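Summary of the model geometry
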Amino acid sequence: MTIELLSRARCFGGEQRVCRHRSAETGTEMRFAAFLPPQALGGARVPVLWFLSGLTCTEENFTVKAGAQRVAAELGLMLVAPDTSPRGEGVPDDPAGAYDFGLGAGFYLDATQGPWARHYRMESYIVRELPALVGSELPADMERQGITGHSMGGHGAITLALKNPGRFAAVSAFAPIASPMRCAWGEKALGGYLGPDRAAWRRHDSTALIEDGARLPALLVDQGMADSFLESQLKPELLEQACSGAGIPLTLRRQEGYDHSYFFIATFIQDHLRWHAERLGRG
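These lines cover the structure that appears in this document, whether it is placed above or below. Owing to the predicted nature of the structure, the values given are computational and were not obtained by experimental measurement.

1. Details of the overall build of the protein
Secondary structure summary: the protein contains ten helices and nine strands in total. Each principal axis of the C-alpha atoms in the protein carries an extent, and together these give about 50 × 40 × 35 Å. Across the 283 residues of the protein, 60% fall into the buried class. Across the protein, every contact between residues at least 6 apart in sequence was considered, and the portion connecting residues at least 24 apart equals 72%.

2. Points about the side chain of threonine 148
When you line up the elements, threonine 148 lands in strand S6 (residues 140-149). Given the relative accessible area of 2%, threonine 148 is considered buried. At 2.8 Å, the side chain of threonine 148 and the side chain of serine 172 are in polar contact. Filtering out sequence-adjacent residues up to four positions away, threonine 148 remains in contact with Leu49, Trp50, Phe51, Leu52, Gly153, Ala157, Ser172, Ala173, Phe174, His272 and His276.

3. What about helix H5 (residues 152-163)?
End to end, H5 covers 16 Å across twelve residues, agreeing with the expected 16 Å (1.5 Å per residue, within 8%). For H5, the buried fraction is high: twelve of the twelve residues fall into the buried class. Buried within H5 we find Met152, Gly153, Gly154, His155, Gly156, Ala157, Ile158, Thr159, Leu160, Ala161, Leu162 and Lys163.

Conventions and cut-offs
Residues numbered from 1 in each chain as written. Predicted model: local features only at pLDDT ≥ 70, side-chain atom pairs only at ≥ 80, totals over all residues. Heavy atoms only, no water. Helix = DSSP H or I, 4+ residues; strand = E, 2+ residues; numbered from the N terminus. Buried < 20%, exposed > 50% of the residue type's maximum accessible area, 1.4 Å probe, protein only. Contact = heavy atoms within 4.5 Å. Polar contact = N/O pair within 3.5 Å; in protein donor to acceptor, adjacent residues only side chain to side chain. Expected span 1.5 Å × (residues − 1).

The structure is reproduced here in C-alpha coordinates:
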(Lines give C-alpha, C1' and ligand atoms only; values in the text may rest on other atoms or scores of the structure.)
Protein backbone atom coordinates (compact mmCIF):
# COMPACT_ATOMS: atom_id res chain seq x y z
CA MET A 1 0.00 0.00 0.00
CA THR A 2 1.21 3.48 -0.77
CA ILE A 3 0.00 6.91 0.30
CA GLU A 4 -0.45 9.81 -2.09
CA LEU A 5 0.18 13.09 -0.30
CA LEU A 6 -2.47 15.59 -1.39
CA SER A 7 -1.46 18.50 0.83
CA ARG A 8 0.81 19.40 3.73
CA ALA A 9 1.01 22.48 5.93
CA ARG A 10 3.16 23.43 8.89
CA CYS A 11 1.08 23.68 12.05
CA PHE A 12 2.27 24.33 15.64
CA GLY A 13 5.69 22.95 14.78
CA GLY A 14 4.19 19.82 13.28
CA GLU A 15 2.61 19.10 9.94
CA GLN A 16 -1.00 18.68 8.87
CA ARG A 17 -1.33 16.27 5.96
CA VAL A 18 -4.19 15.10 3.79
CA CYS A 19 -3.58 11.79 2.06
CA ARG A 20 -5.23 9.45 -0.40
CA HIS A 21 -4.79 5.76 -1.11
CA ARG A 22 -6.49 2.91 -2.90
CA SER A 23 -8.48 0.74 -0.49
CA ALA A 24 -8.83 -2.97 -1.04
CA GLU A 25 -11.63 -3.11 1.55
CA THR A 26 -13.89 -0.47 0.03
CA GLY A 27 -12.76 -0.89 -3.57
CA THR A 28 -12.41 2.89 -3.82
CA GLU A 29 -9.90 5.62 -3.26
CA MET A 30 -10.05 6.81 0.35
CA ARG A 31 -8.84 10.03 1.95
CA PHE A 32 -7.66 10.64 5.48
CA ALA A 33 -6.07 13.49 7.40
CA ALA A 34 -3.03 13.03 9.63
CA PHE A 35 -1.48 15.58 11.96
CA LEU A 36 2.15 14.74 12.71
CA PRO A 37 3.35 16.50 15.88
CA PRO A 38 6.86 17.97 16.08
CA GLN A 39 8.12 14.87 17.87
CA ALA A 40 7.18 12.72 14.84
CA LEU A 41 8.89 15.09 12.43
CA GLY A 42 11.96 14.78 14.66
CA GLY A 43 12.09 11.03 14.11
CA ALA A 44 10.14 9.65 17.06
CA ARG A 45 7.33 7.16 16.75
CA VAL A 46 4.37 8.69 18.54
CA PRO A 47 1.01 7.42 19.83
CA VAL A 48 -1.99 7.62 17.52
CA LEU A 49 -5.41 9.05 18.31
CA TRP A 50 -8.12 8.16 15.79
CA PHE A 51 -11.01 10.58 15.35
CA LEU A 52 -14.15 9.22 13.68
CA SER A 53 -16.47 11.90 12.32
CA GLY A 54 -20.25 12.02 12.19
CA LEU A 55 -23.00 12.05 9.60
CA THR A 56 -22.34 14.08 6.42
CA CYS A 57 -18.72 14.72 7.41
CA THR A 58 -15.40 13.94 5.75
CA GLU A 59 -11.86 13.94 7.11
CA GLU A 60 -11.87 17.71 6.73
CA ASN A 61 -14.41 18.63 9.42
CA PHE A 62 -12.31 17.61 12.40
CA THR A 63 -9.10 18.83 10.80
CA VAL A 64 -10.24 22.41 10.22
CA LYS A 65 -12.89 22.93 12.93
CA ALA A 66 -11.87 21.12 16.13
CA GLY A 67 -8.72 23.12 16.92
CA ALA A 68 -6.93 20.00 18.12
CA GLN A 69 -3.46 20.49 16.63
CA ARG A 70 -1.99 22.90 19.18
CA VAL A 71 -2.51 20.60 22.17
CA ALA A 72 -1.71 17.47 20.11
CA ALA A 73 1.63 19.09 19.24
CA GLU A 74 2.29 19.77 22.93
CA LEU A 75 1.40 16.20 23.91
CA GLY A 76 3.10 14.46 20.97
CA LEU A 77 -0.07 12.83 19.65
CA MET A 78 -0.60 11.91 16.01
CA LEU A 79 -4.19 12.64 15.00
CA VAL A 80 -5.68 10.51 12.21
CA ALA A 81 -9.13 11.36 10.84
CA PRO A 82 -10.56 8.96 8.21
CA ASP A 83 -13.49 9.68 5.93
CA THR A 84 -16.94 8.51 7.01
CA SER A 85 -17.83 6.31 4.03
CA PRO A 86 -16.54 5.15 0.65
CA ARG A 87 -17.06 7.57 -2.21
CA GLY A 88 -16.61 7.66 -5.96
CA GLU A 89 -18.10 6.38 -9.17
CA GLY A 90 -20.27 3.31 -8.68
CA VAL A 91 -20.63 3.72 -4.90
CA PRO A 92 -24.37 3.64 -4.09
CA ASP A 93 -26.03 6.42 -2.14
CA ASP A 94 -29.40 6.77 -0.44
CA PRO A 95 -31.97 6.63 -3.27
CA ALA A 96 -33.79 9.65 -1.88
CA GLY A 97 -30.60 11.59 -1.25
CA ALA A 98 -31.10 11.59 2.52
CA TYR A 99 -28.17 12.65 4.69
CA ASP A 100 -28.42 9.80 7.20
CA PHE A 101 -27.69 6.85 4.90
CA GLY A 102 -25.25 6.14 2.10
CA LEU A 103 -22.47 8.60 1.30
CA GLY A 104 -21.20 10.25 4.47
CA ALA A 105 -23.09 7.75 6.64
CA GLY A 106 -21.10 4.51 6.66
CA PHE A 107 -21.72 3.90 10.39
CA TYR A 108 -18.33 2.17 10.76
CA LEU A 109 -19.64 -1.30 9.97
CA ASP A 110 -19.27 -3.87 7.19
CA ALA A 111 -22.50 -4.03 5.22
CA THR A 112 -23.92 -7.45 4.36
CA GLN A 113 -26.84 -6.40 2.13
CA GLY A 114 -26.79 -5.40 -1.52
CA PRO A 115 -25.95 -3.04 -3.03
CA TRP A 116 -24.01 -1.80 -0.02
CA ALA A 117 -21.87 -4.85 0.77
CA ARG A 118 -19.38 -4.31 -2.05
CA HIS A 119 -18.08 -0.93 -0.89
CA TYR A 120 -19.42 -0.19 2.59
CA ARG A 121 -16.75 -1.97 4.64
CA MET A 122 -15.81 0.79 7.02
CA GLU A 123 -15.27 -1.48 10.03
CA SER A 124 -12.63 -3.55 8.28
CA TYR A 125 -11.14 -0.41 6.79
CA ILE A 126 -10.81 1.36 10.16
CA VAL A 127 -9.78 -1.69 12.21
CA ARG A 128 -7.40 -3.41 9.78
CA GLU A 129 -6.52 -1.71 6.53
CA LEU A 130 -5.92 1.89 7.52
CA PRO A 131 -3.95 1.09 10.71
CA ALA A 132 -1.66 -1.19 8.70
CA LEU A 133 -1.09 1.63 6.23
CA VAL A 134 -0.50 4.27 8.91
CA GLY A 135 1.84 1.99 10.81
CA SER A 136 3.96 1.26 7.76
CA GLU A 137 3.99 4.70 6.12
CA LEU A 138 3.93 7.18 9.03
CA PRO A 139 5.98 7.48 12.27
CA ALA A 140 3.19 5.98 14.35
CA ASP A 141 3.63 3.80 17.42
CA MET A 142 0.83 1.31 16.81
CA GLU A 143 1.30 -0.19 20.27
CA ARG A 144 -0.21 3.03 21.64
CA GLN A 145 -3.57 3.81 20.08
CA GLY A 146 -6.61 5.71 21.32
CA ILE A 147 -9.92 6.35 19.61
CA THR A 148 -12.58 9.04 19.83
CA GLY A 149 -15.33 10.42 17.65
CA HIS A 150 -18.43 12.54 17.32
CA SER A 151 -22.07 11.44 16.97
CA MET A 152 -22.04 8.58 14.44
CA GLY A 153 -18.28 8.61 14.95
CA GLY A 154 -18.72 8.41 18.71
CA HIS A 155 -20.82 5.31 18.11
CA GLY A 156 -18.03 3.97 15.91
CA ALA A 157 -15.30 4.72 18.43
CA ILE A 158 -17.05 2.98 21.31
CA THR A 159 -18.26 -0.06 19.37
CA LEU A 160 -14.93 -0.67 17.64
CA ALA A 161 -13.12 -0.42 20.97
CA LEU A 162 -15.58 -2.83 22.60
CA LYS A 163 -15.12 -5.32 19.75
CA ASN A 164 -11.32 -5.11 19.77
CA PRO A 165 -10.25 -5.46 23.39
CA GLY A 166 -6.70 -4.34 24.04
CA ARG A 167 -6.40 -2.43 20.77
CA PHE A 168 -7.19 1.01 22.17
CA ALA A 169 -5.69 2.08 25.47
CA ALA A 170 -8.07 5.04 25.72
CA VAL A 171 -11.61 5.63 24.45
CA SER A 172 -13.76 8.75 24.45
CA ALA A 173 -16.63 10.30 22.51
CA PHE A 174 -18.52 13.50 21.85
CA ALA A 175 -22.31 13.15 21.75
CA PRO A 176 -22.24 9.51 20.61
CA ILE A 177 -25.23 7.65 19.24
CA ALA A 178 -25.44 5.48 22.34
CA SER A 179 -27.82 2.81 21.07
CA PRO A 180 -28.38 2.71 17.29
CA MET A 181 -30.90 -0.11 17.77
CA ARG A 182 -33.14 2.36 19.61
CA CYS A 183 -33.09 5.48 17.45
CA ALA A 184 -34.23 6.39 13.95
CA TRP A 185 -30.74 7.05 12.55
CA GLY A 186 -29.50 3.69 13.73
CA GLU A 187 -32.55 1.67 12.77
CA LYS A 188 -32.36 3.02 9.23
CA ALA A 189 -28.63 2.38 8.93
CA LEU A 190 -28.52 -1.04 10.57
CA GLY A 191 -31.62 -2.23 8.72
CA GLY A 192 -30.31 -1.02 5.38
CA TYR A 193 -26.74 -2.24 5.71
CA LEU A 194 -27.36 -5.44 7.68
CA GLY A 195 -30.94 -6.47 6.94
CA PRO A 196 -33.98 -6.89 9.21
CA ASP A 197 -32.56 -9.41 11.71
CA ARG A 198 -32.12 -7.28 14.82
CA ALA A 199 -29.94 -9.94 16.42
CA ALA A 200 -27.27 -9.08 13.86
CA TRP A 201 -27.46 -5.45 14.91
CA ARG A 202 -26.27 -6.10 18.46
CA ARG A 203 -22.57 -6.11 17.61
CA HIS A 204 -22.98 -2.57 16.29
CA ASP A 205 -24.72 -1.14 19.35
CA SER A 206 -22.64 -0.01 22.34
CA THR A 207 -25.27 -0.85 24.94
CA ALA A 208 -25.93 -4.31 23.46
CA LEU A 209 -22.22 -5.09 23.26
CA ILE A 210 -21.83 -4.20 26.92
CA GLU A 211 -24.89 -6.25 27.85
CA ASP A 212 -23.36 -9.17 25.93
CA GLY A 213 -20.11 -8.99 27.90
CA ALA A 214 -17.81 -6.56 26.10
CA ARG A 215 -15.83 -4.25 28.36
CA LEU A 216 -13.71 -1.09 28.35
CA PRO A 217 -11.24 -0.05 31.05
CA ALA A 218 -12.78 3.45 31.15
CA LEU A 219 -14.76 5.85 28.98
CA LEU A 220 -15.02 9.64 28.73
CA VAL A 221 -18.12 11.15 27.08
CA ASP A 222 -19.11 14.78 26.66
CA GLN A 223 -22.72 15.56 25.79
CA GLY A 224 -24.19 18.99 25.12
CA MET A 225 -27.52 19.47 26.87
CA ALA A 226 -28.76 21.91 24.19
CA ASP A 227 -28.16 19.29 21.50
CA SER A 228 -31.25 19.05 19.31
CA PHE A 229 -30.62 15.31 18.82
CA LEU A 230 -30.20 14.51 22.51
CA GLU A 231 -33.52 12.84 23.26
CA SER A 232 -34.44 11.50 19.84
CA GLN A 233 -31.14 10.03 18.59
CA LEU A 234 -28.30 10.09 21.15
CA LYS A 235 -29.84 8.91 24.44
CA PRO A 236 -26.73 8.98 26.65
CA GLU A 237 -28.73 7.67 29.60
CA LEU A 238 -28.82 4.25 27.88
CA LEU A 239 -25.03 4.14 27.73
CA GLU A 240 -24.89 5.33 31.32
CA GLN A 241 -27.18 2.51 32.43
CA ALA A 242 -25.22 -0.12 30.50
CA CYS A 243 -21.86 1.01 31.89
CA SER A 244 -23.25 1.16 35.43
CA GLY A 245 -24.58 -2.37 35.16
CA ALA A 246 -21.28 -3.68 33.82
CA GLY A 247 -19.03 -1.78 36.20
CA ILE A 248 -17.35 0.22 33.41
CA PRO A 249 -16.00 3.53 34.76
CA LEU A 250 -17.87 6.14 32.70
CA THR A 251 -17.21 9.85 33.00
CA LEU A 252 -20.31 11.36 31.39
CA ARG A 253 -20.12 15.13 31.40
CA ARG A 254 -23.41 16.86 30.64
CA GLN A 255 -22.47 20.28 29.30
CA GLU A 256 -25.22 22.84 29.78
CA GLY A 257 -25.93 25.13 26.82
CA TYR A 258 -23.81 23.25 24.28
CA ASP A 259 -25.21 21.86 21.04
CA HIS A 260 -24.12 19.22 18.51
CA SER A 261 -21.72 21.43 16.56
CA TYR A 262 -17.95 21.66 16.26
CA PHE A 263 -18.10 24.68 18.59
CA PHE A 264 -18.98 22.10 21.25
CA ILE A 265 -16.14 19.80 20.17
CA ALA A 266 -13.60 22.62 20.03
CA THR A 267 -14.53 23.67 23.57
CA PHE A 268 -13.73 20.28 25.10
CA ILE A 269 -11.22 18.71 22.70
CA GLN A 270 -8.29 19.65 24.94
CA ASP A 271 -9.76 17.59 27.78
CA HIS A 272 -10.08 14.57 25.51
CA LEU A 273 -6.56 14.91 24.14
CA ARG A 274 -5.15 15.03 27.65
CA TRP A 275 -7.32 12.06 28.69
CA HIS A 276 -5.80 10.05 25.87
CA ALA A 277 -2.23 11.28 26.44
CA GLU A 278 -2.39 10.20 30.10
CA ARG A 279 -3.22 6.67 28.99
CA LEU A 280 -1.01 6.49 25.90
CA GLY A 281 2.08 8.32 27.14
CA ARG A 282 3.60 11.29 25.44
CA GLY A 283 5.24 11.08 22.02
